[in-house]
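Examining the three-dimensional arrangement
What follows is the residue order along each chain.
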Amino acid sequence: MGRITTRRSVVRIALDDGVNRRADTLAVEEPLEIRVGGTPLAVTMRTPGADVELAAGFLVSEGVIGSGEEFHSAIHCGGPGTGGVENTYNVLDITLAPGVAPPAPDVARAFYTTSSCGVCGKASIDAVETVSRYDVAGDDMIVDAADLVTYPVRLREKQDVFEKTGGLHAAALFDAVTGELLVLREDVGRHNAVDKVVGWALLNDRLPLRAAVLQVSGRASFELVQKAVMAGIPVLAAVSAPSSLAAELAEKSGLTLVGFLRGRSMNVYSHPHRVRVEQAASEDVLVTEGAGHDQSR
């Protein structure tokens with residue numbers, strides 16, 4: 001299995017301390033080719049680790065599967081053709097359960113997974129609403145704002161690889177009823193971190209993720225809202241800003257979208273009825289204008 005981190009010699013320049021050479025720890029980024037039944041489906045740049053979860057979550061996000069019983073097995077294999085090629089653990093072949101239809105040959109042209117796809121818009125939103133198996137709007141869960149504001153801190157405390165590299169995004173699932181942190185995954189791609197979390201849920205037969213909050217370490221893009229909706233997650237919370245299309249999809253899908261969740265404040269961009277606020281604290285917790293803009297993540 002590939003390494004999660006690597007060491008590299010760098011030249012450090014500090015105006016108050018001169019120039020010196022030192023070793024720095026970097027997060028590893030390598031391609032993962034996802035195959036289904038031996039047929040290449042997609043390639044994503046990711047941090048090695050939890051590859052099966054990543055692939056399973058990706059298939060959920062794209063509407064190929066939606067429950068654990070539809071996923072049979074996965075195996076790392078060699079490169080193109082696999083005949084005598086060294087196993088680099090960068091090719092993962094998924095076998096679906098008997099009777100589960102494989103992705104259509106032209107499925108790649110139907111993906112709505114990145115904010116740079118060039119087709120994101122009404123067609124993208126309609127596609128997500130059409131293919132999602134789960135009724136996010138019908139989830140009547142409630143989460144206390146006082147609990148919600150603790151999630152970014154708890155997520156940050158568990159980011160072991162970020163602590164070493166400063167170069168990874170994280171996604172975590174919290175149980176809105178008990179406040180338990182169910183799972184946390186890190187990756188160089190925020191969408192991969194979410195896929196790993198969703199894949200964990202699928203492999204543990206926990207879809208749809210009712211009464212759950214998906215907490216992410218960076219921004220909330222269209223693709224992250226899409227992945228939450230496809231997994232039946234009713235609340236997505238981010239420490240930074242959402243995009244306009246993310247907010248539009250969240251509103252139409254019935255998902256509660258929270259942004260700028262930091263300290264003791266947040267912005268709720270859609271379906272705020274799921275965030276319970278004590279009356280005395282409402283002015284401190286719910287902010288509608290003037291949130292600071294942080295593009296560091």
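A brief look at the structure comes next. Position numbers for residues count from 1 along each chain, tracking the sequence in the order it is written. Selection of residues for local features in this predicted model requires a pLDDT of at least 70, selection of side-chain atom pairs for listing and counting requires 80 or more, and totals for whole chains, interfaces and linings are taken over all residues. Side-chain measures were taken over the full set of non-hydrogen atoms in the model, leaving aside hydrogen atoms and water.

1. Remarks on the overall build of the chain
Note the cut-off: The way it works is that DSSP assigns letters per residue, a run of H or I at least four long becomes a helix, a run of E at least two long becomes a strand, and they are numbered from the N terminus. Think of it in three bands: with a 1.4 Å probe and only protein chains considered, a residue is buried below 20% of the maximum accessible area for its type, exposed above 50%, and partly exposed in between. Two residues form a contact once any of their heavy atoms are found within 4.5 Å. Using a 1.4 Å probe, the Shrake-Rupley method yields the accessible areas, and only the shown protein chains count as cover for residues.
Looking only at helices and strands, one finds 9 helices and 14 strands in the chain. Within the span of the chain, comprising 297 residues, buried residues form 51% of the whole. A sequence separation of at least 24 residues applies to 54% of the contacts in the chain between residues at least 6 apart. With an accessible surface of roughly 14,100 Å², the chain has 50% of that area assigned to carbon and sulfur atoms.

2. Here's the deal with the packing of aromatic side chains
To describe a pair of aromatic rings, you give the distance between the ring centres and the angle between the ring planes. Rule in force here: Any Phe, Tyr or Trp ring, taking Trp's six-membered ring, that has another such ring centre within 6.5 Å forms a pair; planes under 30 degrees apart are called stacked, those over 60 apart edge-to-face, and the others tilted.
Under the defined criterion, the tally for this structure stands at 1 aromatic pair. Taking the centre distance of 3.9 Å and the plane angle of 0 degrees together, the rings of Y151 and F174 count as stacked. Residue Y151 is located in helix α4 (residues 151–157), and its partner F174 is located in strand β8 (residues 169–175); the two are separated by 23 residues in the primary sequence. For Y151, a relative accessible area of 1% puts it in the buried group. Relative accessible area serves as the criterion here: at 0%, F174 is assigned to the buried category.

3. Observations regarding helix α8 (residues 244–253)
Because each turn of an α-helix spans 3.6 residues, side chains separated by three or four positions end up pointing in the same direction. When we look at burial in α8, the residues that qualify are L245, A246, A247, L249, A250 and S253. Following α8 by one or two positions, G254 has its phi on the positive side, about 85 degrees.

4. Structural notes on the sheet that holds strand β9 (residues 181–187)
Cut-off, in case you're wondering: Strands qualify as paired when DSSP identifies two bridges or more between them. Axes, fitted as lines to C-alpha atoms, cover a helix only where it is in contact. Angles between the N-to-C directions of the axes lie from 0 to 180 degrees.
In space, the 6 strands of this open sheet follow the order β9-β8-β10-β11-β12-β13, with mixed pairing throughout. Here the strands that pair on one side only, and so sit at the sheet edges, are β9 and β13 (265–270). Shown here is a sheet whose adjacent strand axes are inclined to one another by a mean of 20 degrees, direction ignored. For strand β11 (residues 235–238) and strand β12 (residues 256–262), the ladder comprises 3 bridges, and the chain directions are parallel. Within the sheet, the bridge partner assigned to L236 lies in β12 and is L257. Packed onto the sheet, α8 meets β12 and β13 and runs at close to 65 degrees relative to β13.

5. Quick word on the sheet that holds strand β3 (residues 30–36)
Taken in spatial order, the 4 strands of this open sheet run β4-β3-β6-β5, and their pairing is mixed. Of all strands in the sheet, those bounded by a partner on one side alone are β4 (39–46) and β5 (71–77). Across the sheet, the axes of successive neighbouring strands diverge by a mean angle of 25 degrees, strand direction being ignored. In this sheet, β4 lies alongside β3 in antiparallel orientation, the contact comprising 7 bridges. Paired with E33 across the two strands is V43, which belongs to β4.

6. A word on the pattern of salt bridges
Filter applied, for reference: Every case where a carboxyl oxygen of Asp or Glu lies within 4 Å of a side-chain nitrogen of Lys or Arg is listed as a salt bridge.
By the definition in use, this model includes 9 salt bridges. For the salt bridge of R46 with D51, the shortest nitrogen-to-oxygen distance reads 2.7 Å. On the basis of relative accessibility, which here comes to 0%, the residue R46 falls in the buried class. For D51, a relative accessible area of 3% corresponds to the buried category. Each of E30, R46 and D51 takes part in salt bridges that share partners, so that together they form one network.

7. Structural notes on helix α6 (residues 190–203)
Our working definition: Here a helix's expected span is defined as the number of its residues, less one, multiplied by 1.5 Å.
Taking 1.5 Å per residue as the helical rise, α6 with its 14 residues ought to reach 20 Å, and the 20 Å between its terminal C-alpha atoms agrees with that figure. Among the 14 residues of α6, 12 are classified as buried, and the element is accordingly described as predominantly covered. Listing the buried residues of α6 in full gives R190, N192, A193, V194, D195, K196, V197, V198, G199, W200, A201 and L202. D205 occupies a position one or two residues after α6 and carries a positive phi of about 55 degrees.

8. So, the pairing of strand β10 (residues 212–216)
This is how it is decided: Assignment of crossover handedness uses the view with strands pointing away from the viewer, where a clockwise path from the first strand over the helix to the second indicates a right-handed crossover.
Burial runs high along β10: 5 of the 5 residues are buried. Neither face of β10 is open: one carries A212, L214 and V216, the other V213 and Q215, and all of them are buried. Looking at chain direction, β8 and β10 are connected through 5 bridges and run antiparallel. Bridged to L173 within β10 is L214. Pairing analysis gives 4 bridges linking β10 to β11, with the strands arranged parallel. When the bridges of β11 are listed, V216 appears paired with A238. For the handedness criterion, the β-α-β arrangement of β10, helix α7 (residues 222–230) and β11 is classed as right-handed.

9. A closer look at the packing of α7 against α8
The condition is simple: Roughly parallel covers angles under 35 degrees, roughly antiparallel covers those over 145, roughly perpendicular covers 65 to 115, and oblique covers all other angles. By definition, turning the near helix anticlockwise from the far helix through less than a right angle yields a left-handed crossing, and turning it clockwise yields a right-handed one. Amino acid classes used here: Ala, Val, Leu, Ile, Met, Phe, Trp, Tyr, Cys and Pro are nonpolar; Asp, Glu, Lys and Arg are charged; the rest, including Gly, are polar.
With their axes 7 Å apart at the nearest point, α7 and α8 run at an angle of 20 degrees to one another. As far as their axial angle goes, α8 and α7 are roughly parallel. You can see that α7 and α8 cross each other, and the crossing is right-handed. Across from F222, V225, Q226 and V229 in α7, the residues of α8 making contact are L245, A246, L249, A250 and S253. Looking at side-chain class alone, the contact of α7 with α8 contains 7 nonpolar, 2 polar and no charged residues.

Geometric descriptors of this kind do not, in isolation, establish any biological role.
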